[in-house]
Amino acid sequence: MMTKPPSVPQPAWLFYITVSDLEAALARAQAKGAKLLNGPMEVPGGQRIVQMMDPQGGAFAMVTSPKT
């Protein structure tokens, strides 16, 4: 949970999909019309994430497990 920034009009949930290869999943999503909103970036704990928007305007994110 986090505090809603003033620039965000209303609270919303963001669904995270776990993928084994973030770069390949990102490329497939973009080839199908998804737009990259943020990332790829590493987050605390070693996971890497991207946040995206599908062609219909739905936001989602993809995440990989930390490298061991």
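Whatever comes next refers back to the structure up there.
To keep things clear, this report deals only with the structure shown in the data block. Worth saying up front: this structure is predicted, and the values here are computed from it rather than measured.

Looking at the environment of K32
- Tracing the backbone shows K32 in the loop between α1 (22-31) and β2 (35-42).
- What makes K32 exposed here is its relative accessible area of 71%.
- Once the C-alpha coordinates of K32 and D54 are considered, the two residues, 22 residues apart in sequence, prove to be 8.5 Å apart.

Quick word on the side chain of T64
- Note that T64 resides in strand β4 (residues 59-64).
- A relative accessible area of 10% places T64 in the buried class.
- Setting aside anything within four residues of it in sequence, one finds T64 in contact with V19, S20, L22, Q47 and R48.

Observations regarding α1
- Burial in α1 covers these residues: L22, A25, L26 and A29. What you see down the axis of α1 is that its buried residues fit within an arc of 100°, all on one side. Residues of α1 that are exposed and angled more than 90 degrees away from the buried face: R28 and A31.
- Residues of α1 that are buried in the fold lie against β2, β3 (48-53) and β4.
- Remark: G33 follows α1 within two positions and exhibits a positive phi of approximately 105°.

Details of the layout of surface pockets
- Volume-wise, the largest pocket comes out at about 800 Å³.
- For the lining of the largest pocket, the secondary-structure elements that each account for two or more residues are β3 and β4.
- Here the lining of the largest pocket is built from residues that sort into 13 nonpolar, 3 polar and 1 charged.
- Empty space within the second largest pocket amounts to approximately 160 Å³.
- Forming the boundary of the second largest pocket are V19, S20, D21, L22, E23, G46, R48, T64, S65, P66 and K67.
- Class assignment of the residues belonging to the lining of the second largest pocket gives a composition of 3 nonpolar, 4 polar and 4 charged.

How each quantity is defined
- Residues numbered from 1 in each chain as written.
- Predicted model: local features only at pLDDT ≥ 70, side-chain atom pairs only at ≥ 80, totals over all residues.
- Heavy atoms only, no water.
- Helix = DSSP H or I, 4+ residues; strand = E, 2+ residues; numbered from the N terminus.
- Buried < 20%, exposed > 50% of the residue type's maximum accessible area, 1.4 Å probe, protein only.
- Contact = heavy atoms within 4.5 Å.
- Arc of directions from axis to C-beta.
- 1 Å grid on protein atoms, 1.4 Å probe; cavity = no way out; pocket = protein on both sides within 12 Å on 5 of 7 lines; lining within 4 Å.
- Points joined across faces, edges and corners; volume = space filled by probe spheres on them.
- Nonpolar A, V, L, I, M, F, W, Y, C, P; charged D, E, K, R; others polar.

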